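Survey of secondary and tertiary structure
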Amino acid sequence: MTDSPTPVPRSEQENLQLFNREFVPHIDAMYNFAYKLTLDEDTAKDLVQDTYLKAFRFINSFTEGTNAKAWLFKILKNTFINDFRKKSKEPPKVDYQEVESIYNSEDIDENITIDLRSETVQDLIGDEVTNAINSLAVDFRTVIILCDLEGFTYEEMSKILDIPIGTVRSRLHRARTLLKHKLSEYARKMGYAGN
Amino acid sequence: MSSQDPNRLLFKEILPLVLDGEADENQRAFFHKQIGDCPNCRQLYEQENAIKQVIKTRVARQQPPRDLLPTIQQQIQYHFSVSKT
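Please read these numbers as outputs of a predicted model, since none were measured by experiment. (Residues numbered from 1 in each chain as written. Chains lettered and ligands numbered in written order. Predicted model: local features only at pLDDT ≥ 70, side-chain atom pairs only at ≥ 80, totals over all residues.)

**Details of the overall build of chain A**
If you tally the helices and strands in chain A, you get 11 helices and zero strands. Secondary structure elements of chain A, listed N to C terminal, follow the sequence α-α-α-α-α-α-α-α-α-α-α. Once local pairs closer than 6 in sequence are excluded, the contacts in chain A between residues at least 24 apart make up 77%. (Helix = DSSP H or I, 4+ residues; strand = E, 2+ residues; numbered from the N terminus. Contact = placed C-beta atoms within 7 Å.)

What follows is the structure, given as structure tokens:
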């Protein structure tokens, strides 16, 4: 990202080598992130392509040895917001105020009373969890993907998303609570819960 | 024990930090003590941990189409050759 030492100018040939060495290995994670944001294969492909072209165009602002994956994810997220968001298959818009009032309770039992035992979670198959994540609003599924799937730290997420760490934490909390409700509904429908 | 017990409220705040590898030593020590002392806290930990593990291990990763990387590399090479001339 941009908070590193001043980048040393490189030749075009060095930039090309750097691109192949530092950026190309992340293409699977980039495509997966793009797909999870857009929920469409063709749009995800265009988004990754645009992101990599931008990354090459601005490669002189990347400092070798810094976190290339986080740098690329930030470009992808910004490209998605600026150029792709309107085109994506977004689930119905979330009323953040409503979500906040429902799920911001300070009562620990609020979580436990969600009928979802850890054994039940382990019975869920990947498709069910994937569908539940995909049904979350994009800002919520983004934090879950970055944290739980890609393993970014709060600080890295804060830089990728341009939000304070406190907001990363509260967004993660809300996203996970919503996901838990969705998984619990899924489990109930499938007859897993209440065993 | 009341659900407003400060230890349980603190546990709820610290739990994601522990699961996400963001907790400091004191927070981890408090977490371990609390899951020993408070069955509800342990239950919540097991639930949250199970969800995190299921996401990490069972959510399918979408594989990029085979022509994606060659297309990008072709465009970069084109840019490279144009900028050299």
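**Let's talk about the overall build of chain B**
In terms of regular secondary structure, chain B is built from four helices and zero strands. Scaling as 2.2 N^0.38, a compact globule of 85 residues should have a C-alpha radius of gyration of about 12 Å, whereas chain B reaches 24 Å, well beyond that. With the principal axes as the frame, chain B shows a C-alpha extent of 75 × 25 × 20 Å. Relative to its full complement of 85 residues, chain B shows a buried share of 22%. (Rg over C-alpha atoms; globule rule 2.2 N^0.38 Å. Buried ≥ 20, exposed ≤ 12 C-beta atoms within 10 Å, placed from the backbone.)

**Thoughts on the environment of Y78(B)**
Residues and elements named next belong to chain B. Within the secondary structure, Y78 is located in helix α4 (residues 68-84). Residue classification places Y78 among the exposed positions, given that 10 C-beta atoms sit within 10 Å. For the pair Y78 and R66, spaced 12 residues apart in sequence, the C-alpha separation works out to 20 Å.

**Overview of the domain arrangement of chain A**
Residue and element names in this part refer to chain A. Annotation of chain A at the domain level lists domain 1 (12-87) and domain 2 (96-189). Where the side of domain 1 that touches domain 2 is concerned, the elements lending two or more residues are α2 (27-38) and α4 (68-84). The residue inventory of the side of domain 1 that touches domain 2, partitioned by class, reads six nonpolar, one polar and three charged. (Domains from an automatic or database assignment. Nonpolar A, V, L, I, M, F, W, Y, C, P; charged D, E, K, R; others polar.)

**As for helix α1 (residues 12-23) of chain A**
Since the α-helix packs 3.6 residues into each turn, any two residues three or four apart lie on the same face. Residues and elements named next belong to chain A. For α1, spanning 12 residues, the distance from its first C-alpha to its last is 15 Å, which sits close to the expected 16 Å at 1.5 Å a residue. Along α1, the residues classified as buried are F19, E22 and F23. Buried residues along α1 cover an arc of 100° about the axis, so they all sit on one side. Of the residues in α1, the exposed ones pointing more than 90 degrees away from the buried face are Q13, Q17, N20 and R21. (Expected span 1.5 Å × (residues − 1). Arc of directions from axis to C-beta.)

**Brief notes about the interface of chain A and chain B**
If you look at the interface, chain A gives 43 residues, while chain B gives 36 residues. Counting only elements with at least two residues in the side of chain A that touches chain B, the list comes to α1, α2, α3 (41-57), α6 (109-112), α7 (118-123), α8 (126-134), α9 (138-149) and α11 (165-189) of chain A. When the residues that make up the side of chain A that touches chain B are grouped by side-chain class, the tally is 25 nonpolar, nine polar and nine charged.

**Topic: the confidence of the model for chain A**
Of the residues in chain A, 78% reach a pLDDT of 70 or more, and the chain-wide mean stands at 83. Note that residues 100-109 of chain A has pLDDT below 50 and, in this model, 14 contacts with residues that lie over four places away or in other chains. (pLDDT = per-residue confidence, 0-100.)

**Quick look at α8(A)**
Residues of α8(A) that are buried include every one of E128(A), V129(A), A132(A) and I133(A), and no others. The buried residues of α8(A) occupy an angular sector of 135° when the element is viewed end-on, so they sit on one face. Contacts from the buried residues of α8(A) go to α9 and α11 of chain A together with α3 (39-58) of chain B.

**Some points on the packing of α2(A) against α9(A)**
Residue and element names in this part refer to chain A. Running from amino to carboxyl end, α2 crosses α9 at an angle of 155°, the nearest separation of the two axes being 9 Å. Comparing the axis directions of α2 and α9 gives the class roughly antiparallel. α2 and α9 meet at a crossing whose hand is right-handed. Between α2, through F33, K36 and L37, and α9, the contact on the second element is made entirely by V138, R141, T142 and I145. Classifying every residue of the contact of α2 with α9 by side-chain character gives four nonpolar, one polar and two charged. (Axes fitted to C-alpha atoms, helices over the stretch in contact; angles between N-to-C directions. Parallel < 35°, antiparallel > 145°, perpendicular 65-115°, else oblique. Left-handed = near helix turned anticlockwise from the far one by under 90°.)

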